[in-house]
Amino acid sequence: MNIKQVILKAFHDHPGRFISGEELSQTCGCSRTAVWKHIEELRKDGYEVEAVRKSGYRLLGAPDRLSAAEITAGLDTDRMGQHVIAHDEVVSTQPLAHEAAARGAKEGTLVLAELQTGGKGRLGRPWHSPKGTGIWMSLIIRPAIPLPKTPQMTLLTAVSVARAIREETGLPVKIKWPNDIFIGDKKVCGILTELNAESDRVNYLVIGIGLNANSVAEDFPEELARIATSLRIESGEPIKRARFIQQFCRIFEEEYDHYLAHGFARAKAEWEKHSYTIGRWVNVQTISQRLEGRAVGLDEEGVLMVEDQDGAIHKVYSADVNY
Ligand code: BT5
């Protein structure tokens, strides 16, 4: 952690309280003048810090900016989100996360941006990522699992994002197989999982998460207006994006550790409980096959099971599912 991060963490640990310059200088291991300089920098970053002689410093307000300091202060995890690479503008966070992972970035590293000019969805589709309105981030994980199990990571992520949304906003979110989070019949979040592997060994996964957090209706172009929504549109209130990321990291880490120790059953049960897909009549389009039937559940591995009109069960590994 750098000094700014240490100061923010101290404010976070003592909400609403004055912290003396002396105490901060001890915590940071630097002079009181250096503390003062860093407080000035925090002010330039948009933090509102009150300074009162003899009492010290108190944090009154934080900007809704996705900086490394803002995310790591108040983060309750061992690995997830402990390293944050924050950008203002990028083409897409996905290739940057691949580069970081190839250079050895630790598990749990997050690459994020305020704006993506070329955000990507699956199969080369675009992901609309306007400035400051959403959470556009890529998470690096290095699970020691066999290749065929990697799609479970998308489901695990969906379960974690959905729970974070429920806990933070109370909104009734549903998961549409395999990678969309819906509120009502509109998409609020998409997940893109990319893999780097050799023969049957996973080197790392980059999990891209695009969440419309504080977008208002005008932020969506015409072609998305009918199919997309945001947490703010649904709840009527803006959310603190940094806090949301902290909550997501905590939930994801807990789910991920449970998964590595005990397997997929718990995430599968939660996925099914909050599924938008199960019980619906669906059209499935895989690369090689078209199929119609009722989505009846996930199998033990997380593969979608679809029952056709003759009662035959088909396993759908990777496909687009329409309703
Ligand atoms: C996804 O693809 O839903 C995965 C989206 C992943 C985005 C994240 S953001 C951080 C990271 N960096 C990236 O460059 N990407 C990841 P897919 O299932 O293919 O859905 C794409 C479709 O969703 C598009 O064809 C549009 O119809 C729709 N769409 C595009 N932008 C949207 C938005 N902001 N909100 C809702 N729907 C959107």
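Treat the numbers as computed from the prediction; the structure is a model and nothing was measured.

Further remarks concern the nonpolar core. Nonpolar side chains tend toward joint burial in soluble globular proteins. Formed by 82 residues in total, the largest nonpolar core has its most connected members in Ala158, Val161, Ile181 and Ile209. Examining the composition of this core, we find that nine residues originate from one element, helix α6 (residues 151-169), more than from any other.

This part takes up the site of the ligand. Residues in close proximity to the ligand total 29 residues, the closest being Ser92, Gly121, Gly190, Gly208 and Gly210. Of all the elements in the fold, those that place two or more residues in the shell around the ligand are α5 (93-102), β5 (134-141), β8 (186-198) and β9 (201-212). Residues that form the shell around the ligand fall into these classes: 10 nonpolar, 14 polar and five charged.

Mapped onto this numbering, the UniProt entry gives "binding site: biotin" (unreviewed entry) at Gln116 and Lys187. The class of Gln116 is buried, set by 25 C-beta atoms lying within 10 Å. In contact with Gln116, other than residues within four places in its own chain, are Val90, Val91, Ser92, Thr93, Ser129 and Trp136. If you trace the backbone, Lys187 turns up in strand β8.

Neighbouring strands of a sheet are bound in pairs by backbone hydrogen bonds; such pairs are parallel or else antiparallel. Strands sit in the order β13-β12-β11-β10-β14 across an open sheet of five strands; the sheet is antiparallel. Pairing within the sheet leaves two strands with one partner each, and these edge strands are β13 (313-316) and β14 (320-322). For this sheet the average axis-to-axis angle between neighbouring strands, irrespective of direction, equals 45°.

Bridging between strand β1 (residues 48-52) and strand β2 (residues 56-61) involves five bridges; their strand directions are antiparallel. Within β2, the position partnered with Val52 by the bridge is Gly56. Remark: three residues form the turn of the hairpin made by β1 and β2, two consecutive strands paired antiparallel; Lys54 in that turn has positive phi of roughly 75°.

The next point concerns the environment of Met305. Along the chain, Met305 falls in strand β12 (residues 304-307). When residues no more than four places from it in sequence are discounted, the contact partners of Met305 are Val296, Gly297, Leu298, Asp299, Ile313 and Lys315.

Once that is clear, we can look at the packing of helix α1 (residues 3-13) against helix α3 (residues 32-44). Where α1 meets α3, the closest approach of the two axes is 10 Å, and the angle between their N-to-C directions is 80°. Judged by the angle between their axes, α1 and α3 are roughly perpendicular. Here Ile3, Lys4 and Ile7 of α1 lie close against α3, whose contacting residues are Ala34, His38, Ile39, Glu41 and Leu42. Classifying every residue of the contact of α1 with α3 gives five nonpolar, one polar and two charged.

Once that is clear, we can look at the domain arrangement of the protein. Domain assignment breaks the protein into domain 1 (3-61), domain 2 (68-273) and domain 3 (281-322). For domain 2 and domain 3, the distance between their C-alpha centroids amounts to 25 Å. Put simply, the parts of the chain that give the side of domain 2 that touches domain 3 at least two residues each are α6 and α10 (265-273). When grouped by side-chain class, the residues that make up the side of domain 2 that touches domain 3 number five nonpolar, one polar and three charged.

Analysis parameters
- Residues numbered from 1 in each chain as written.
- Predicted model: local features only at pLDDT ≥ 70, side-chain atom pairs only at ≥ 80, totals over all residues.
- Core = buried A, V, L, I, M, F, W, Y, C linked by C-beta atoms within 7 Å.
- Buried ≥ 20, exposed ≤ 12 C-beta atoms within 10 Å, placed from the backbone.
- Helix = DSSP H or I, 4+ residues; strand = E, 2+ residues; numbered from the N terminus.
- Near = placed C-beta within 6 Å.
- Nonpolar A, V, L, I, M, F, W, Y, C, P; charged D, E, K, R; others polar.
- UniProt positions renumbered as here; feature names shortened; annotations may be inferred.
- Contact = placed C-beta atoms within 7 Å.
- Pairing = 2+ DSSP bridges.
- Axes fitted to C-alpha atoms, helices over the stretch in contact; angles between N-to-C directions.
- Parallel < 35°, antiparallel > 145°, perpendicular 65-115°, else oblique.
- Domains from an automatic or database assignment.

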